[in-house]
Amino acid sequence: MIISLALSECGMFRNGLSARAAAWTGLATMMALALPLVARAGDTPAAHDARTDAAWLQAIQNAARQQNFSGTIVYQRGDEVHASRVVQSFDGVETRERVLTLDGQQREFIRHGDEVQCLYPKLHRVVVEHGGVRAFPAFAEPLAADILAHYELRREGVERVAGSMCEVVELVPRDKLRYGYRLWVEPTSGLLFKAQTLNERGSVLEQIAFTDVHVGEPIDPAQLKPSWSTAGWTVDRQQSEATELRQQGWSVTPPSGFHRLVEVVRHLVGAGDPAPRSALQAVYSDGLATVSVFIEPGAPMLAERDESQRRGPVTAFSRQVGDARVTVVGEVPPSTAQSIAESVVRSPPPR
């Protein structure tokens, strides 16, 4: 359940470990963190209190995809602060979304159904990707029972966020493989107003919160259009094809509770690459935390046997497996990222 803008062609985190790993991640780790719940006519505080833990999680998941909302989101990690303006519209069938960064490099993200366009006005460039893990506020397609098998849900009372009283919920990990989360949910609308990622000591690694938000109001279609005309801009389409790692001769053993979301072959052209390159990507999630595993045969050898980098809750760990570079990127403790990387082995493809 990432709340960072991390490691993607459409993201901000491109230094250090591997520029190619940053490009591969795509929208899979763009801004993900979740948790609104479905607003129902006649709901009262007592009705909310009567929900089971599983019912809370299921309601939260549904509302993240079935609400109209607009507002300003502020993301914090240490002394790093970023703001974005977000608009989402749901027409009963699919979601449309527009996210505009308000500081730093100008960027805008336009989602329509499964397609995401990342606009870079200074470069006159559009990067088009498909799929990926949904951004704040949305889960990574979990089942409530799976989440509760690995997290304990605690209700911590109410607090005021963005001018509204919110229910405070904490998800405490049952093991050391994952981080914890504290969530502020506005119960009438069902929208997540604030979320924090917590380490094993309960310290805040990063947080994201609405500073203003309007929920349930009609969205003017003009609010979902790009801020700039993209006529004449360069359009890069990130190409990928569904595959199975075992068919490619590889095996990954994810930690307990992490389920595979997707396995693809990505065809890439980097700025310094003389020819297109291919990499395997597998994405795993326990419903809250999401981890990507990248395997690039023929990549330049690592200077060190292992390379590791960490920013807030996001860990990136690389190791060499024969002639292939394996990179694990996700919002998990360093020991978890390392264990996943060390589980990656060559395996004979099935006959």
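Along every chain, residues carry numbers that run from 1 in the direction the sequence is written. For a predicted model such as this one, the threshold for reporting local features is a pLDDT of at least 70, and the threshold for listing and counting side-chain atom pairs is 80 or more; totals across whole chains, interfaces and linings nevertheless cover every residue. Heavy atoms from the whole structure form the basis of all side-chain values; hydrogens and water molecules are not counted.

Trainee: Now, about the sheet that holds strand β6 (residues 125-130): what can you tell me, with residues and values included?
Mentor: With respect to topology, twelve strands assemble into an open sheet ordered β7-β8-β9-β10-β11-β1-β2-β3-β4-β5-β6-β12, the strand pairing being mixed. With partners counted over all chains shown, the strands left at the sheet margins are β7 (151-161) and β12 (234-237), one partner each. When strand polarity is set aside, the average angle formed by the axes of neighbouring strands in this sheet is 20 degrees. A strand pair is defined by DSSP finding two or more bridges across the two strands. Here a strand is any run of E in DSSP of at least two residues, a helix any run of H or I of at least four, and the numbering for each starts at the N terminus. Inspection of the sheet shows β6 paired to β12 by four bridges, in the parallel sense. Note on β12: the bridge partner recorded for Val128 is Arg237. Across the sheet, helix α3 (residues 53-65) touches β2 (80-90), β3 (95-101), β7 and β8 (164-173), and the angle it forms with β7 is around 60 degrees. All axes are obtained by fitting lines to C-alpha atoms, using only the stretch in contact for helices, and the reported angles, taken between N-to-C directions, cover 0 to 180 degrees. Here a residue-residue contact requires only that any non-hydrogen atoms of the pair lie within 4.5 Å.

Trainee: Can you lay out helix α5 (residues 334-343) for me, pointing to particular residues and giving the numbers?
Mentor: Throughout this description, buried means an accessible area under 20% of the type-specific maximum (1.4 Å probe, protein chains only), exposed means over 50%, and partly exposed covers the range between. Residues of α5 that are buried: Thr336, Ala337, Ile340, Ala341 and Ser343. Looking straight down α5, one finds that the buried residues subtend no more than 160 degrees of arc, so they occupy a single side. Note that the arc is defined by the directions from the helix axis to the C-beta atoms.

Trainee: Requested: an account of the pairing of β6, with residues and values cited.
Mentor: Sheet analysis places strand β5 (residues 115-120) next to β6, joined by six bridges and oriented antiparallel. Paired with Cys118 across the strands is Val127, a residue of β6. In this structure, the hairpin formed by β5 and β6 is closed by a connection of four residues, where His124 is found at a positive phi of approximately 50 degrees.

Trainee: Just give me the short version of the environment of Arg107, but keep the residues and values in it.
Mentor: Its location among the elements puts Arg107 in the loop between β3 and β4 (108-112). Overall, Arg107 belongs to the buried group, its relative accessible area being 6%. Separated by 13 residues in the primary sequence, Arg107 and Tyr120 have C-alpha atoms spaced 5.2 Å apart. Under the rule applied, a polar contact is a pair of N or O atoms within 3.5 Å (in protein, one hydrogen donor and one hydrogen acceptor; residues adjacent in sequence only if both atoms are side-chain atoms). In terms of polar contacts, Arg107 uses its side chain to reach the backbone carbonyl oxygen of Gln105, at 2.9 Å.

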